[in-house]
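Letter by letter, the chains look like this.
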Amino acid sequence: VQLQASGGGLVQAGGSLRLSCAASGRTLSSYSMGWFRQAPGKEREFVATIRWSDSSTYYADSVKGRFAIARDNAKNTVYLQMNSLKSEDTAVYYCAASRKLILPLLTFPTNYDYWGQGTLVTVSS
């Protein structure tokens, strides 16, 4: 599976962005998908995940109520809608694909099999 993340950019605090993760090579319908982010000097952290079997979602506390993950299996694409952005959301955002189903396990980057290249989100205060 090859993953291509896009949609990053510069936005003011309080604004919105929608990230996309397009897949090629295989259908995403049998993969759980996740979004992670990595700020300068920090470790990669979990943002959101959507399970392939029933599209259940799970979010990091820091983004709950502001971000929404969704998938369009027909387009082989996963989205991350980010609203009410804060300066602390500034990071490179990565999408990833996993065969796993258990939501808590999907918060760990080591449980993902494929990664996209990342897209930079910069939130100005």
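Here, every reference points to the structure presented above.
Okay, so let's go over this structure. (Residues numbered from 1 in each chain as written. Predicted model: local features only at pLDDT ≥ 70, side-chain atom pairs only at ≥ 80, totals over all residues. Heavy atoms only, no water.)

1. Observations regarding the environment of Arg44
Alright, step 1. Here Arg44 shows up in the loop between strand E4 (32-38) and strand E5 (45-50).
Alright, step 2. Judged by relative accessible area, Arg44 falls into the partly exposed class, the value being 31%.
Alright, step 3. Counting along the chain gives 37 residues from Arg44 to Gly7, while the straight-line C-alpha distance between them is 19 Å.
Alright, step 4. Among the polar contacts listed, one links the side chain of Arg44 to the side chain of Gln38, at a separation of 3.5 Å. (Helix = DSSP H or I, 4+ residues; strand = E, 2+ residues; numbered from the N terminus. Buried < 20%, exposed > 50% of the residue type's maximum accessible area, 1.4 Å probe, protein only. Polar contact = N/O pair within 3.5 Å; in protein donor to acceptor, adjacent residues only side chain to side chain.)

2. Let's talk about the state of the cysteines
Alright, step 1. Taken as a whole, this structure holds 1 disulfide when the rule is applied.
Alright, step 2. The residue that forms a disulfide with Cys21 is Cys95, at a sulfur-sulfur distance of 2.1 Å. Its S-S torsion of approximately 65° makes the covalent link between Cys21 and Cys95 right-handed. Of the two residues, Cys21 is situated in strand E3 (residues 17-24) and Cys95 in strand E9 (residues 91-98); the sequence distance between them amounts to 74 residues.
Alright, step 3. Owing to a relative accessible area of 0%, Cys21 belongs among the buried residues under this scheme. (Disulfide = S-S within 2.5 Å.)

3. Brief notes about unusual backbone geometry
Alright, step 1. Phi angles above zero are rare outside glycine, and Asn76 is one such case at about 55°.
Alright, step 2. Within the secondary structure, Asn76 is located in the loop between strand E7 (67-72) and strand E8 (77-82).
Alright, step 3. Its identity is not glycine, yet Ser84 carries a phi of approximately 50°, on the positive side.
Alright, step 4. Turning to its location among the elements, Ser84 is positioned in the loop between E8 and E9.

4. Brief notes about the sheet that holds strand E1 (residues 2-6)
Alright, step 1. The 4 strands are arranged E1-E3-E8-E7 in an open sheet whose pairing can be described as antiparallel. Because the sheet does not close on itself, it has two edges, and the strands there are E1 and E7. Recorded for the sheet is a direction-independent mean angle of 15° between the axes of neighbouring strands.
Alright, step 2. Here E1 pairs with E3 via 5 bridges, running antiparallel. Directly across from Ser6, in E3, lies its bridge partner Ser20. (Pairing = 2+ DSSP bridges. Axes fitted to C-alpha atoms, helices over the stretch in contact; angles between N-to-C directions.)

5. Thoughts on the pattern of salt bridges
Alright, step 1. Following the criterion strictly, the structure yields 5 salt bridges and no others.
Alright, step 2. Across the pair Asp89 and Arg66 runs a salt bridge whose closest N-O atoms are separated by 2.8 Å. Of this pair, Asp89 sits in the loop between E8 and E9 while Arg66 sits in the loop between strand E6 (57-59) and E7, and the two are 23 residues apart along the sequence.
Alright, step 3. For Asp89, a relative accessible area of 1% gives the class buried.
Alright, step 4. Residues participating in the shared-partner salt-bridge network are Arg37, Glu45, Arg66 and Asp89. (Salt bridge = Lys/Arg side-chain N within 4 Å of Asp/Glu carboxyl O.)

6. Describing the pairing of E8
Alright, step 1. The buried fraction of E8 amounts to 5 of the 6 residues, a majority that puts the element mostly inside the structure.
Alright, step 2. Sheet topology places E3 next to E8; 6 bridges connect them, and they run antiparallel. If you follow Ala22 over to E8, its bridge partner there is Thr77.
Alright, step 3. One ladder, built from 6 bridges, connects E7 with E8; its direction is antiparallel. When the sheet's bridge partners are listed, Ala70 is paired in E8 with Tyr79.

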